Amino acid sequence: MRIGVPNEGTERRLVASTPKSVGNLIKLGYEVTVESGAGECSHYPDYQFEDAGAHIGDAPSAWGADIVLSVGTPTTEQLDLMKEGATLVAQLAPARNSDLLETLAERKITALAMDTVPRISRAQSMDVLSSQANVAGYRAVIEAASVFGHLFTGQVTAAGKMPPARVYVIGAGVAGLAAIGTANSMGAQVYATDVRPEVAEQVESMGATFVPIPVAQQESTDGYAKELSQDDLDAAQKLYTQQAAQADIVITTANVPGRKSPVLLTRSAVEQMKPGSVIVDMAAANGGNCELTEAGRVTTTEGGVLVVGYTDLPARLPAQSSQLYGQNVLNLLKLLTPNKDGQLNLDLDDEVVRAITVTHGQDILWPPPPIKVSAARPAPAAKPDPAAEAKQKAEQSRKAAAKKRHRILGGGLAALVLAALVLASPTAVIGHYMVLALAVVVGFYVITNVTHSLHTPLMSVTNAISGIILVGAILQVGSANLLVSALSVVAIMVASINIFGGFTVTHRMLAMFKKD
């Protein structure tokens with residue numbers, strides 16, 4: 001089968017498959033035709049696709065393929081170029097485009113909506129919304145910094161002290177966490193809020209402070225945030241208003257798939273913000289989280305607050321976004337081409353395939369059957385059985401007693417062996433055994449009472465004890481006994497290596513803690 005990758009123009013800027021993805025599609029057995037100039041806005045020229053094995057063609061050849069890979073919803077003119085029975089892989093927003101689904105079904109086009117991939121573990125590699133949200137969260141902070149009139153990081157200079165910017169992120173999903181990490185890395189003080197209290201740990205791990213809201217936990221059965229009720233939204237807006245008034249930059253990320261975005265910042269809340277502060281509304285394309293957002297524009301309120309309503313944040317990093325989108329599509333086609341023979345196998349019994357298939361032939365399959373992906377609540381702990389507890393404690397006591405007996409028997413046996421060795425040794429050697437025993441005891445307590453993190457430098461330095469061996473070996477090297485002399489030479493070599501090696505290792509470790 002032949003795959004077509006069309007040129008979607010300068011408005012979208014992305015390309016549905018990069019040269020690297022094209023090469024992997026060819027390995028799956030497909031032929032690939034890329035429309036000339038499809039990757040120009042993403043900095044992928046035609047020759048790179050040709051080097052990957054693709055054919056460069058015109059729009060009819062790309063849209064007329066058996067499988068068409070697109071970033072966004074095709075226009076009527078583009079659909080006219082598709083042949084009956086073809087497969088379209090694109091972001092289709094089926095919940096908001098019922099007319100499009102009817103058109104696709106009339107043309108007998110099988111449509112796979114990349115933006116409806118279920119959020120289950122095995123589908124993560126195909127999740128376009130997550131990969132694009134990650135880029136968008138990063139870009140949202142960059143856009144905020146470009147219009148914000150101050151530095152993000154605090155500084156102390158001869159001219160005075162500058163405090164760090166205060167950034168407030170509403171929503172700690174993929175986009176929110178990306179924004180938190182970016183703002184924190186730029187030196188800002190970051191605060192974040194989410195209706196799910198369990199994400200507090202994730203927020204704090206990114207270097208931000210979690211600000212909880214007085215709203216009951218919003219459980220999800222499809223992997224996406226659940227829309228708040230009006231009462232809960234009113235309660236949360238009070239907190240949003242308070243935090244926004246203290247912030248320099250507010251980034252909103254609340255977006256419920258298939259529905260209009262909830263308004264989190266009202267006109268009144270924006271009026272209470274400081275002049276020069278910035279709002280980046282990442283839900284602008286779906287209605288906006290701010291009452292004053294104008295989609296696709298940066299507006300300034302009467303109070304001097306800048307509201308950024310860009311709807312194309314991922315497209316402002318086209319190379320990276322195209323790479324991620326192309327990899328998501330490639331992972332889907334790997335699932336649909338199990339035999340790597342270039343033939344699409346649409347298994348509607350597969351929950352992932354069924355979830356993204358919105359039309360098939362003349363049938364409209366949207367919406368799909370629900371997939372419950374939220375974690376199940378832990379089962380209540382069973383009441384303890386007194387008899388079983390008593391039996392378990394008895395078994396533990398028996399094992400502890402047996403271990404103690406084995407320790408005593410082992411110690412007694414070792415003592416008998418040492419006693420026999422002492423009795424069999426000459427009287428002049430017995431004093432050396434006492435020194436050896438004391439050395440073992442002292443060494444044990446010295447080493448075991450040192451913090452584990454200091455063991456390596458301690459061992460490096462204490463290798464200097466080998467100097468004692470070195471001195472003893474030098475005294476014995478002139479012995480009349482050939483064996484004693486030979487052992488002394490070996491001892492001198494080994495002890496010298498140990499001494500110099502120990503100090504070398506120590507100096508290297510200490511150098512790791514020195515500033516350049």
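As the structure is a prediction and not an experimental result, all values here were calculated from the model.

### Structural notes on the overall build of the chain
Phase 1 of the analysis: When helices and strands are counted, the chain shows 18 helices and 17 strands.
Phase 2 of the analysis: When the 516 residues of the chain are sorted by exposure, 40% land in the buried category.
Phase 3 of the analysis: Residue pairs at least 24 apart in sequence account for 62% of intrachain contacts in the chain once pairs closer than 6 positions are excluded.
Phase 4 of the analysis: Split by element, the accessible area of the chain, about 28,200 Å² in all, is 58% carbon and sulfur.

### Quick look at the packing of helix 7 (residues 128–147) against helix 12 (residues 318–336)
Phase 1 of the analysis: For the pair helix 7 and helix 12, the least separation of the axes is 9 Å and the interaxial angle reads 165°. Viewed along their axes, helix 7 and helix 12 adopt a mutual orientation that is roughly antiparallel. Remark: the crossing between helix 7 and helix 12 carries right-handed chirality. Only Q320, S321, L324, Y325 and N328 of helix 12 make contact with helix 7, whose side of the interface consists of V128, S131, Q132 and V135.

### Some points on the side chain of D115
Phase 1 of the analysis: Note on placement: D115 falls in the loop between strand 6 (110–113) and helix 7.
Phase 2 of the analysis: Comment: no salt bridge for buried D115; closest opposite-charge side chain is R96, at 6.2 Å.
Phase 3 of the analysis: There is a polar contact of 3.2 Å between the side chain of D115 and the backbone nitrogen of L92.
Phase 4 of the analysis: Looking at D115, its side chain comes within polar contact range of the main-chain nitrogen of A93, at 2.7 Å.

### A word on the UniProt feature "transmembrane region" (unreviewed entry) in the chain
Phase 1 of the analysis: Here the UniProt-annotated "transmembrane region" (unreviewed entry) positions come out as residues 408–424, 430–448, 460–477 and 483–505.
Phase 2 of the analysis: Helix makes up 100% of residues 408–424 and strand 0%, and the two end C-alpha atoms of the span are 24 Å apart.

### Observations regarding the sheet that holds strand 11 (residues 209–210)
Phase 1 of the analysis: Read from one edge to the other, the open sheet built from seven strands follows the order 11-10-9-12-13-15-14, with strand pairing classed as mixed. At either margin of the open sheet sits one strand with a lone partner, and together these are strand 11 and strand 14 (298–300).
Phase 2 of the analysis: In terms of strand pairing, strand 12 (residues 249–252) meets strand 13 (residues 278–281) through four bridges, oriented parallel. Looking across to strand 13, one finds that V250 is bridged to I279.

What counts, and where the lines are drawn
- Residues numbered from 1 in each chain as written.
- Predicted model: local features only at pLDDT ≥ 70, side-chain atom pairs only at ≥ 80, totals over all residues.
- Heavy atoms only, no water.
- Helix = DSSP H or I, 4+ residues; strand = E, 2+ residues; numbered from the N terminus.
- Buried < 20%, exposed > 50% of the residue type's maximum accessible area, 1.4 Å probe, protein only.
- Contact = heavy atoms within 4.5 Å.
- Areas by Shrake-Rupley, 256 points an atom, 1.4 Å probe, with all protein chains shown as cover.
- Axes fitted to C-alpha atoms, helices over the stretch in contact; angles between N-to-C directions.
- Parallel < 35°, antiparallel > 145°, perpendicular 65-115°, else oblique.
- Left-handed = near helix turned anticlockwise from the far one by under 90°.
- Lys, Arg positive; Asp, Glu negative; His and termini not counted.
- Salt bridge = Lys/Arg side-chain N within 4 Å of Asp/Glu carboxyl O.
- Polar contact = N/O pair within 3.5 Å; in protein donor to acceptor, adjacent residues only side chain to side chain.
- UniProt positions renumbered as here; feature names shortened; annotations may be inferred.
- Pairing = 2+ DSSP bridges.

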